[in-house]
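Structure assessment
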Amino acid sequence: MENTIYLFENPEILAEQLSKIFYKTITNKSIFTVAFSGGKTPATFLKYLANPIFKEHFNVWNNIHVFQVDERMVPPDHSESNFKMIKELLVDKISIPYKNIHRIHGENHPDFEVKRYAEEIKQYVELENEDPVFDWIFLGLGEDGHTASIFPNRLDLINGKNICEITTHPITGQKRITITGKVIFNARRVSFIVTGIDKSKVVADILQHKPEADKYPASYFCSRDGITEWFLDKEAASKINS
Ligand code: 6PG
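Residues numbered from 1 in each chain as written. Predicted model: local features only at pLDDT ≥ 70, side-chain atom pairs only at ≥ 80, totals over all residues. Heavy atoms only, no water.

In the neighbourhood of the ligand, 15 residues make up the surrounding shell, with Thr41, Asp70, His146, Ala148 and Lys199 lying closest. Measuring from an oxygen atom of the ligand, one finds a backbone N or O atom of Lys40 at 2.7 Å. Within the side chain of Asn82, a nitrogen or oxygen atom sits 2.9 Å from an oxygen atom of the ligand. Its residues assigned to classes, the shell around the ligand shows two nonpolar, eight polar and five charged. (Near = heavy atom within 4 Å. Polar contact = N/O pair within 3.5 Å; in protein donor to acceptor, adjacent residues only side chain to side chain. Nonpolar A, V, L, I, M, F, W, Y, C, P; charged D, E, K, R; others polar.)

Below is the structure:
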């Protein structure tokens, strides 16, 4: 499966163009399932999705079910909560039915929440051979090559049997819950959103299939039968072919 690269001058233009693609792509399926990553990068994209310039499309959110790729195990009002960002920048700005929001409950004990969230995914996301098939998953990329909350010390989660797992941030020790490779591989569309010069080396290593990319979880992720694409700004793409 090849990676398709979309290159933009800066994060704002990337976010605006990706929002246009998003609203143009959303089919009139009764349920369209999308999963957003956390971290800082998605903020600009989430803001643009809720930008009044797209107001005419906001009715699509009645059929869109919003999930999380991963979450830090903190309460939803904690400054590090990924859901807090998704709620403040998108959910609170558009009219989306409460039942369409499927957050990871960071306030719960991880052992309980990892099972609860997996069941919620299976309840609302189309299943093929009992595995969820998301319509669209948006992924970020860490400087260490992690994506979702699958860190380099957990390459076992790339082909593991569970759809959700508990992981631990290798530096902070913070507990996370994340979807796994099984879910990402099954998705109809996987879009990485990566911006900034700090990510340029890991982006180049992955997209140029350099040997060092083998230690990066993100290098393994592409939709098996669907679309895998990289939305990059010029800074993040600056070391490709250098
Ligand atoms: C998280 C994210 C994580 C993120 C990368 C990039 O919970 O932190 O899901 O996987 O995508 O760490 O983070 P930035 O966008 O902040 O660089």
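Now that the structure is up, let's keep going.
Moving on: the pairing of strand 9 (residues 164-168). Sheet analysis places strand 9 next to strand 10 (residues 175-179), joined by five bridges and oriented antiparallel. Its bridge partner lying in strand 10, Thr168 is registered against Lys175. Adjacent in sequence and paired antiparallel, strand 9 and strand 10 are bridged by six residues, among which Gly173 carries a positive phi angle near 75°. (Pairing = 2+ DSSP bridges. Helix = DSSP H or I, 4+ residues; strand = E, 2+ residues; numbered from the N terminus.)

With that out of the way, let us pick up helix 4 (residues 110-124). For helix 4, built from 15 residues, the straight-helix expectation of 21 Å at 1.5 Å per residue is met to within 8% by its first-to-last C-alpha distance of 21 Å. Elements in contact with the buried residues of helix 4: strand 3 (64-68), strand 5 (101-102), strand 7 (131-132), strand 9 and strand 10. (Expected span 1.5 Å × (residues − 1). Contact = heavy atoms within 4.5 Å.)

Okay, the pairing of strand 10 next. Among the five residues of strand 10, four are classified as buried, and the element is accordingly described as predominantly covered. In this sheet, strand 10 lies alongside strand 4 (residues 70-72) in antiparallel orientation, the contact comprising three bridges. Across the sheet, residue Glu71 finds its bridge partner in strand 10, namely Ile177. (Buried < 20%, exposed > 50% of the residue type's maximum accessible area, 1.4 Å probe, protein only.)

Let us now look at the sheet that holds strand 10. With antiparallel pairing, the three strands of this open sheet are ordered in space as 4-10-9. At either margin of the open sheet sits one strand with a lone partner, and together these are strand 4 and strand 9. Neighbouring strand axes in the sheet, compared pairwise and without regard to direction, differ in orientation by 20° on average. Against the sheet, helix 4 touches strand 9 and strand 10, its axis set at about 145° to strand 9. (Axes fitted to C-alpha atoms, helices over the stretch in contact; angles between N-to-C directions.)

This part is about the nonpolar core. The nonpolar side chains of soluble globular proteins are, as a tendency, buried together. Ile121, Phe134, Ile137 and Ile206 are the most contacted members of the largest nonpolar core, which totals 41 residues. Secondary structure elements with two or more residues in this core: helix 4, strand 8 (136-139), strand 10, helix 5 (181-186), strand 11 (189-194), helix 6 (200-207) and strand 12 (227-233). Those residues in contact with Ile206 that sit more than four places away from it in its chain are Leu141, Ala213, Tyr216, Ala218, Ser219 and Trp230. Among the nonpolar cores identified, the runner-up in size contains 34 residues, and Leu14, Leu49, Ile64 and Leu89 belong to it. (Core = buried A, V, L, I, M, F, W, Y, C linked by side-chain atoms within 4.5 Å.)

Our focus in this paragraph is the sheet that holds strand 11. Strand order across the open sheet formed by seven strands is 1-12-11-8-2-3-5, with parallel pairing between neighbours. Only two strands of the sheet have a single neighbouring strand rather than two, namely strand 1 (4-8) and strand 5. In the sheet, strand 11 pairs with strand 12 via six bridges, with the strands oriented parallel. Pairing of Arg189 across the sheet is with Ile227, part of strand 12. The sheet strands contacting helix 3 (residues 82-89) are strand 2 (32-36), strand 3 and strand 5, and the helix crosses strand 3 at an angle near 150°.

With that out of the way, let us pick up the packing of helix 2 (residues 42-49) against helix 3. Geometrically, a packed helix pair is captured by the angle between its two axes and the distance between the axes. Helix 3 packs onto helix 2 with a crossing angle of 30° between their chain directions and a minimal axis gap of 9 Å. Taken together, helix 2 and helix 3 sit at an angle that is classed as roughly parallel. Where helix 2 crosses over helix 3, the handedness of that crossing is right-handed. Counting all contacts with helix 2, which are made through Pro42, Ala43, Leu46 and Lys47, the residues of helix 3 involved are Met85, Ile86 and Leu89. (Parallel < 35°, antiparallel > 145°, perpendicular 65-115°, else oblique. Left-handed = near helix turned anticlockwise from the far one by under 90°.)

In this section: the side chain of Asn82. Structurally, Asn82 can be placed in helix 3. A relative accessible area of 3% means that Asn82 is categorised as buried. Within polar-contact distance, the side chain of Asn82 engages the backbone nitrogen of Gly39 at 3.1 Å. Separated by 3.2 Å, the side chains of Asn82 and Arg72 make a polar contact. Sequence-distant contacts of Asn82, that is, excluding residues within four places in its chain, are made with Gly38, Gly39, Gln68, Asp70, Glu71 and Arg72.

A word on the environment of Phe185. Its place among the elements puts Phe185 in helix 5. Given the relative accessible area of 9%, Phe185 is considered buried. For the pair Phe185 and Ser219, spaced 34 residues apart in the sequence, the C-alpha separation amounts to 12 Å.

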